[in-house]
Amino acid sequence: MESLVIGVFASLCAGLATVVGALPILLPINLTQRSQAIMLGFGGGVMLAATSFSLVIPGTEAAMSQGYGKTSAALIIVVGILLGGAFLQLAHRLLPHEHFFKQEDSERSSNLKRIWLFIAAITIHNFPEGLAVGVNFGNNNISDGIPVALGIGLQNIPEGLVVALSLVAEKYSAGYALWISLLTGLVEPIGGLVGAGVVSVANFILPWAMAFAAGAMLFVISDEIIPESHRKGLEKEGTIGVMVGFVVMMFLDIALG
């Protein structure tokens with residue numbers, strides 16, 4: 001029960017980093033698209049490193065500690081990753097969503113519809129992050145969960161700023177943009193509750209849960225984050241962000257794990 005509470009609280013703290021990242025919109029600054037591309041890339045790099053060092057490797061070790069051989073453990077991770085990716089693909093099909101860098105449309109939807117499309121996109125992006133945090137803490141190993149929560153929180157800061165800036169650019173008020181950023185953060189403890197709850201109740205699910213979270217995050221990275229950071233001829237900036245984000249998260253995981 002303790003690990004469940006810690007997992008939910010940690011995912012909540014990581015999620016609330018989005019509204020912290022959005023606070024600069026209250027200041028008279030004008031963030032360039034190049035800066036946005038670097039920040040999105042940074043978020044993708046953090047998530048990529050978290051997938052590798054905080055989910056795939058520990059998930060494999062957890063499977064082997066349960067008596068599985070190397071081949072069986074590898075198959076569990078492969079199947080779990082594919083299931084996580086399939087889940088996000090299904091979510092994409094059922095929940096229409098908008099991208100961060102929206103292209104000009106000749107026929108724009110109503111404000112209400114665009115609001116819900118945007119919230120749907122936030123939900124798709126942040127649920128697997130909370131799931132990853134919850135799964136790590138749900139194993140009663142706080143030392144594994146701390147770097148994941150820190151890394152996801154770091155990733156959420158630039159993401160929250162980009163989300164808020166895109167809303168302000170669409171003529172929404174700064175207060176409304178901050179509110180949406182807060183809603184973004186509140187999605188993550190839901191994922192944290194699911195991840196920590198499942199693992200706490202049935203520890204044998206741990207390698208499957210870690211692989212599932214890894215697959216969901218890989219889908220988000222490849223389908224959303226990296227392509228968005230590379231749009232409008234900003235491939236180099238996005239790549240720099242990915243590399244910096246990856247090494248930052250790798251350092252946190254090795255140093256604190």
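Residues numbered from 1 in each chain as written. Predicted model: local features only at pLDDT ≥ 70, side-chain atom pairs only at ≥ 80, totals over all residues. Heavy atoms only, no water.

If you check an unreviewed UniProt entry, the protein appears there as ZIP family metal transporter from Iningainema tapete BLCC-T55. According to the UniProt record, the Sequence similarities (unreviewed entry) comment for the protein reads "Belongs to the ZIP transporter (TC 2.A.5) family." In its Subcellular location (unreviewed entry) section, the UniProt record describing the protein reads: "Cell membrane". (UniProt positions renumbered as here; feature names shortened; annotations may be inferred.)

Asker: Residues and numbers for the UniProt feature "transmembrane region" (unreviewed entry) in the protein, please.
Answerer: Mapped onto this numbering, the UniProt entry gives "transmembrane region" (unreviewed entry) at residues 6-27, 39-60, 72-95, 115-134, 146-169, 176-199, 205-226 and 238-256. The span residues 205-226 is 95% helical and 0% strand by assignment, and the distance between its end C-alpha atoms comes to 30 Å. Secondary structure content for residues 238-256 is 100% helix and 0% strand, while the C-alpha to C-alpha distance between its ends is 27 Å. (Helix = DSSP H or I, 4+ residues; strand = E, 2+ residues; numbered from the N terminus.)

Asker: Residue-level account of the packing of helix α2 (residues 33-65) against helix α3 (residues 70-94), with values.
Answerer: At their nearest, the axes of α2 and α3 sit 9 Å apart, and the two run at 135° to each other. Viewed along their axes, α2 and α3 adopt a mutual orientation that is oblique. Every pair of crossing elements has a handedness; the one defined by α2 and α3 is right-handed. In contact with Val56, Gly59, Thr60, Ala63 and Met64 of α2, α3 contributes Lys70, Ala73, Ile76, Ile77 and Ile81. (Axes fitted to C-alpha atoms, helices over the stretch in contact; angles between N-to-C directions. Parallel < 35°, antiparallel > 145°, perpendicular 65-115°, else oblique. Left-handed = near helix turned anticlockwise from the far one by under 90°. Contact = heavy atoms within 4.5 Å.)

Asker: Just give me the short version of the packing of aromatic side chains, but keep the residues and values in it.
Answerer: Applying the stated criterion to the full structure yields 3 aromatic pairs. Their ring planes at 50° and their centres at 5.5 Å tell us that phenylalanine 87 and phenylalanine 212 sit as a pair that is tilted. Taken as a pair, phenylalanine 87 in helix α3 and phenylalanine 212 in helix α7 (residues 206-229) lie far apart in primary sequence, 125 residues in all. Its relative accessible area of 34% is what places phenylalanine 87 among the partly exposed residues. In this structure an aromatic cluster arises from ring pairing among Phe87, Phe127 and Phe212. (Phe/Tyr/Trp six-rings, centres within 6.5 Å; stacked < 30°, edge-to-face > 60°. Buried < 20%, exposed > 50% of the residue type's maximum accessible area, 1.4 Å probe, protein only.)

Asker: An account of the nonpolar core is needed here, citing residue identities and associated values.
Answerer: Nonpolar side chains in soluble globular proteins tend to end up buried together. With 31 residues, the main nonpolar core has Met47, Leu55, Val133, Val135, Ile152, Leu206 and Met217 as its most contacted residues. Elements represented by at least two residues in this core include exactly α1 (2-22), α2, α4 (111-138), α5 (142-169) and α7. Residue contributions to this core peak at 11 residues, all from α7. When near neighbours in sequence (up to four residues on either side) are disregarded, methionine 47 contacts Glu129, Gln155, Met217, Val220, Ile221 and Ile225. The next biggest cluster of nonpolar side chains, apart from the first, holds 14 residues, and it includes Leu40, Leu161, Val163 and Leu165. (Core = buried A, V, L, I, M, F, W, Y, C linked by side-chain atoms within 4.5 Å.)

Asker: Tell me about the confidence of the model for the protein, and name the residues and values.
Answerer: Any segment with low pLDDT has predicted coordinates that should not be analysed in fine detail. Mean pLDDT for the protein: 80, with 84% of residues reaching 70 or above. In the model of the protein, α4 stands out as the element of lowest mean pLDDT, 69, in contrast to α3, which has the highest, 90. Counting interchain partners and residues more than four positions distant, the pLDDT-below-50 stretch residues 100-109 has 20 contacts. (pLDDT = per-residue confidence, 0-100.)

Asker: Run through α3, naming residues and quoting values.
Answerer: With 25 residues, α3 extends 36 Å from end C-alpha to end C-alpha; this agrees with the ideal 36 Å at 1.5 Å per step. Three or more residues of α3 are buried, namely Ala73, Ile76, Ile77, Gly80, Gly84, Gly85, Leu88, Ala91 and His92. (Expected span 1.5 Å × (residues − 1).)

Asker: An account of a nonpolar patch on the surface is needed here, citing residue identities and associated values.
Answerer: Together, Val78, Val79, Leu82, Leu83 and Trp208 make up an exposed nonpolar region whose accessible area comes to about 450 Å². Sort the elements by how many residues they give to the nonpolar patch and α3 lands first, with 4 residues. (Patch = residues over 30% accessible without salt bridge, like charges linked within 9 Å, V, L, I, M, F, W, Y side chains within 5 Å. Areas by Shrake-Rupley, 256 points an atom, 1.4 Å probe, with all protein chains shown as cover. Salt bridge = Lys/Arg side-chain N within 4 Å of Asp/Glu carboxyl O.)

Asker: Report on α7, specifying residues and quantitative values.
Answerer: Relative to the 34 Å expected for 24 residues at 1.5 Å per residue, α7 spans 32 Å between its end C-alpha atoms, a close match to the ideal helical length. At isoleucine 221, α7 shows its maximal bend, which comes to roughly 40°. Burial analysis of α7 places 17 of its 24 residues in the buried class, which makes it a mostly covered element. (Bend = angle between axes of the 7 residues up to and from the residue.)

Asker: Any details on the environment of glycine 245? Residues and values, ideally.
Answerer: Mapped onto the secondary structure, glycine 245 falls in helix α8 (residues 235-256). Since its relative accessible area comes to 0%, glycine 245 is described here as buried. Taking C-alpha positions, glycine 245 is 9.5 Å from leucine 40, a pair spaced 205 residues apart along the chain. Apart from the residues lying within four places of it in its own chain, the contact partners of glycine 245 are Phe42, Gly45 and Val46.

Asker: Residue-level account of the pattern of salt bridges, with values.
Answerer: A complete count under the given rule lists 1 salt bridge for this structure. Of the charged contacts in the structure, one is a salt bridge between glutamate 237 and arginine 34, with a shortest N-O distance of 2.8 Å. With a gap of 203 residues between them, glutamate 237 in helix α8 and arginine 34 in helix α2 connect regions that are remote in the sequence. Judged by relative accessible area, which is 12%, glutamate 237 ranks as buried.

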